[in-house]
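# A look at the structure
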Amino acid sequence: MKNCGDLVDNKSAIVGGVGDMYSEDSATLDQPITPWTISVASGYSLMRDPRYNKGLAFTEKERDAHYLRGLLPPIVLSQELQEKKMMNLIRQYEVPLHRYMAMIGLQETNERLFYKLLIDNVEELLPVVYTPTVGEACQKYGSIFRHSQGLYISLKEKGKILETLKNWPERTVQVIVVTDGERILGLGDLGCQGMGIPVGKLALYTALGGVRPSLCLPITIDVGTNNEKLLNDEFYIGLRQKRATGEEYDELLQEFMYAVKQNYGEKVLIQFEDFANHNAFELLARYSSSHLVFNDDIQGTAAVVLAGLLSALRLLGGTLADHKFLFLGAGEAGTGIADLIALEISEQNGKPIEENRKNIWLVDSKGLIVRSRKESLQDFKKPWAHEHEPITGLINAVKAIKPTILIGTSGVGKQFTKEVVEDMASFNKTPLIMALSNPTSQAECTAEEAYTWSEGRAIFASGSPFDPFEYEGKTFVPGQANNAYIFPGFGLGVIMAGSIRVHNGMLLAASKALASQVTEEHYEKGMIYPPLTNIRKISANIAAKVAAKAYELGLASHLPQPEDLVESAEKCMYSPVYRSYL
Ligand SMILES: NC(=O)C1=CN([C@@H]2O[C@H](COP(=O)(O)OP(=O)(O)OC[C@H]3O[C@@H](n4cnc5c(N)ncnc54)[C@H](OP(=O)(O)O)[C@@H]3O)[C@@H](O)[C@H]2O)C=CC1
Ligand SMILES: CC(=O)C(=O)O
Ligand SMILES: [Mg+2]
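Our subject in this report is the structure included herewith. (Residues numbered from 1 in each chain as written. Chains lettered and ligands numbered in written order. Predicted model: local features only at pLDDT ≥ 70, side-chain atom pairs only at ≥ 80, totals over all residues. Heavy atoms only, no water.)

## A few points about the overall build of the chain
Across its full length, the chain holds 26 helices and 14 strands. Taking 25 Å as the expected radius of gyration for a compact globule of 582 residues, we find that the chain reaches 24 Å, a close match to that expectation. Across its three principal directions, the C-alpha atoms of the chain cover 75 × 60 × 55 Å. By element, 51% of the accessible surface of the chain is carried by carbon and sulfur atoms, the whole surface being about 23,100 Å². (Helix = DSSP H or I, 4+ residues; strand = E, 2+ residues; numbered from the N terminus. Rg over C-alpha atoms; globule rule 2.2 N^0.38 Å. Areas by Shrake-Rupley, 256 points an atom, 1.4 Å probe, with all protein chains shown as cover.)

Spelled out as structure tokens, the structure:
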């Protein structure tokens, strides 16, 4: 059986793959490993290095061997006790942002303990380090900024991006999450303060997908912001200018993309995150033939929603082709999901994709997308301009289209009103309602609203988490339809296989892998996604299917293909348990 060290040869471990270069994870727990930095860290510098710091868990022998005597109080705590203490502390903070700051503080001082907390308490801590709290953190990022956690590439670095990348301390990077901060969740343009998103997404790559933290690089491209509030905020951390656009923007992005390839090689996965749609579609199209790129908002979201739909069919009955879909919001998430649904239906029924698009309708800020609007529509909306009279207002579109499935991707809260949900429930025995906009303040409706207004008949899932809700004696557990279910496992699969490109087939494979994890027990509670508590197992299964697809499509470069991909994925996953430094 192959282990992580065998999965990639030494050469590919340098340029890509999920190699355990310093044998940290292939060594058994009682085997010593060396705490490498550039030199062997010891004493005060060892304690100050978040990657190796163990705080009070340094053993007596380690304290002697590494010049730590006297630098710590005499007591030695286990990692479990440290975890318990930190969880007690975090639970005492009632303000979510204070919990976020406590978690970031831990990440900055003791990385393994941070990941141990996140992995062991995923359902409790995901809303802290990710949506919804990360949204508020980005809005206030300047005020709460203490230490830099990623790489900032601004217009000032134009012509020097390669040099700037070389300032990052890690030579081997396998996943970059990059934003330009223009569409942060449903909160709009947060400029340079969008950095909270790449930092949060990459924490999930490690906690949920097992990609080693040292291989993850968060990047924010700062081309200015059009957010007046931030421009006038004395604590704003970004360039104080309006956004650069056109050629100036394109040139900076091009320099960035080629510098990344030059510095880290072909097989670094570049995940675009929270770009505005006028750049997102174009960047994905422009670089998908030359780079390993993935847009989480378009592709990751599509895969997670398709998974939810495939799983929901067990409750709704029929096939995808038997359903009628209506989206509120026709941007990255909306059209990305719609495209993947149509593709999957075509794979199932063999009909042309144009034919299968006919049951999928989208509403944007100007109303239903119809043929008469086609000339004025952005390219990504054009395939959805079906023949119909113009309609404005969601409720009118619901009444006219009579969808079986309603999906909110508008970034605007409270759009699924009582009237909309009641109407959905009037012609559907089991209406499927997905309120995907983040953070919670932007959700199209709450779980309570969906269940109450549909008299307990709706299946509900949302982008940000809602607590279980009791309606007439039955407890409903809302699903979290968030791309966090997909991108960590998807990325792990891509880098495990050494895939050189992302292909739609790999997205479909990820969706099906996720849908297959839902059991009867989950359906009984109204869930269409498996619980997040099992996310590492789920991610390993997603990674295996994605990698298998990459091998099948001839896109994988890590040869030969391991016999058991699930086992390979699990073995490659980063463990946050402390290692011995003797
Ligand atoms: N759950 C998840 O995993 C994910 C959730 N999201 C969430 O989805 C939301 C949208 O993201 P994204 O698609 O990237 O954003 P975009 O800006 O690309 O798209 C937003 C769309 O919503 C439309 N819209 C805006 N206001 C209204 C309104 N009042 N009525 C009808 N339509 C409206 C816009 O119309 P127009 O085109 O006319 O401007 C546009 O088509 C965000 O809140 C984001 O957080 C995104 C990715 C993943
Ligand atoms: C979840 C996510 O990627 C978003 O809301 O943008
Ligand atoms: Mg996003």
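## What about the environment of glutamate 520?
Its location among the elements puts glutamate 520 in helix H24 (residues 520-524). A relative accessible area of 48% means that glutamate 520 is categorised as partly exposed. For the pair glutamate 520 and arginine 314, spaced 206 residues apart in the sequence, the C-alpha separation amounts to 9.4 Å. (Buried < 20%, exposed > 50% of the residue type's maximum accessible area, 1.4 Å probe, protein only.)

## What to know about the side chain of threonine 335
Mapped onto the secondary structure, threonine 335 falls in helix H17 (residues 332-349). Only 2.7 Å separates the side chain of threonine 335 from the backbone oxygen of glycine 331, close enough to count as a polar contact. With near-sequence residues (within four places) excluded, threonine 335 lies in contact with Phe281, Ala330, Leu362, Phe380 and Trp384. (Polar contact = N/O pair within 3.5 Å; in protein donor to acceptor, adjacent residues only side chain to side chain. Contact = heavy atoms within 4.5 Å.)

## Topic: the state of the cysteines
The full count for this structure, using the stated rule, is 0 disulfides. Free cysteine cysteine 138: the closest other cysteine sulfur is in cysteine 192, separated by 11 Å. (Disulfide = S-S within 2.5 Å.)

## Examining the site of ligand 2
All residues in the neighbourhood of ligand 2 are listed as Tyr130, Arg183, Leu185, Lys201, Glu273, Asp274, Asp296, Asp297, Asn438, Asn482 and Asn483. Take glutamate 273: an N or O atom from its side chain is 3.0 Å from an oxygen atom of ligand 2. Burial of ligand 2 by the surrounding chains reaches 91%, relative to a free accessible area of 210 Å². Here the residues of the shell around ligand 2 sort into 2 nonpolar, 3 polar and 6 charged. (Near = heavy atom within 4 Å. Nonpolar A, V, L, I, M, F, W, Y, C, P; charged D, E, K, R; others polar.)

## Quick look at the packing of H17 against helix H23 (residues 504-515)
Where H17 contacts H23, the two axes come as close as 11 Å, and the packing angle between them is 85 degrees. Taken together, H17 and H23 sit at an angle that is classed as roughly perpendicular. Taken together, the residues of H23 that come into contact with H17 (itself represented by Leu340, Leu343, Glu344 and Glu347) are Asn504, Leu507, Leu508, Ser511 and Lys512. Residues belonging to the contact of H17 with H23 are distributed by class as follows: 4 nonpolar, 2 polar and 3 charged. (Axes fitted to C-alpha atoms, helices over the stretch in contact; angles between N-to-C directions. Parallel < 35°, antiparallel > 145°, perpendicular 65-115°, else oblique.)

## As for the coordination of the magnesium ion (ligand 3)
Those protein atoms acting as donors to the magnesium ion (ligand 3) are Glu273 (OE), Asp274 (OD) and Asp297 (OD), and they sit at 2.0 to 2.1 Å. Expressed as a motif, the donor residue spacing for the magnesium ion (ligand 3) is E-D-x22-D. Here the residue aspartate 274 occupies a position in the loop between strand S4 (269-272) and helix H15 (277-287), and aspartate 297 occupies one in helix H16 (residues 296-316), the gap between them amounting to 23 residues. (Donors = N, O, S within 2.8 Å, 3.2 Å for Na, K, Ca; no water.)

## Comments concerning the sheet that holds strand S14 (residues 479-480)
Read from one edge of the open sheet, 7 strands run S8-S7-S6-S9-S10-S11-S14, paired in mixed fashion. Among the strands making up the open sheet, the edge pair consists of strand S8 (367-368) and S14. As paired strands, strand S10 (residues 432-435) and strand S11 (residues 459-462) are joined by 4 bridges and run parallel to one another. Each bridged residue has a counterpart across the sheet, and for leucine 432 the counterpart in S11 is isoleucine 459. Lying over the sheet, H17 contacts strand S6 (325-328), strand S7 (360-364) and strand S9 (405-408), oriented at roughly 175 degrees with respect to S7. (Pairing = 2+ DSSP bridges.)

## Describing helix H14 (residues 246-264)
Across its 19 residues, H14 extends 27 Å between first and last C-alpha, which sits within 8% of the 27 Å expected from 1.5 Å per residue. Of the positions making up H14, those classed as buried are Tyr249, Leu252, Leu253, Phe256, Met257, Ala259, Val260, Asn263 and Tyr264. Taken end-on, H14 shows its buried residues confined to a sector of 165 degrees, consistent with a single buried face. For H14, the exposed residues set more than 90 degrees away from the buried face come down to Glu247 and Gln262. Positive backbone phi, at 90 degrees, marks glycine 265, one or two positions downstream of H14. (Expected span 1.5 Å × (residues − 1). Arc of directions from axis to C-beta.)

## Examining the nonpolar core
One finds Met434, Phe490 and Tyr529 to be the most contacted residues of the largest nonpolar core, which totals 122 residues. Setting aside residues no more than four positions away along its own chain, phenylalanine 490 makes contact with Phe294, Val502, Met506, Leu507, Ala510, Ile542 and Val546. Grouped together as the second largest cluster of nonpolar side chains are 33 residues, Ile161, Ile176, Phe256 and Leu283 included. (Core = buried A, V, L, I, M, F, W, Y, C linked by side-chain atoms within 4.5 Å.)

## Points about the environment of leucine 208
Inspection of the secondary structure assignment puts leucine 208 in helix H12 (residues 196-209). Under the relative-accessibility criterion, leucine 208 is labelled buried at 1%. Residues leucine 208 and alanine 540 lie 332 residues apart in sequence; the distance between their C-alpha atoms is 9.3 Å. Other than its neighbours up to four places away in sequence, leucine 208 contacts Val122, Leu126, Ala484, Pro488, Ile535, Arg536, Ser539 and Met573.

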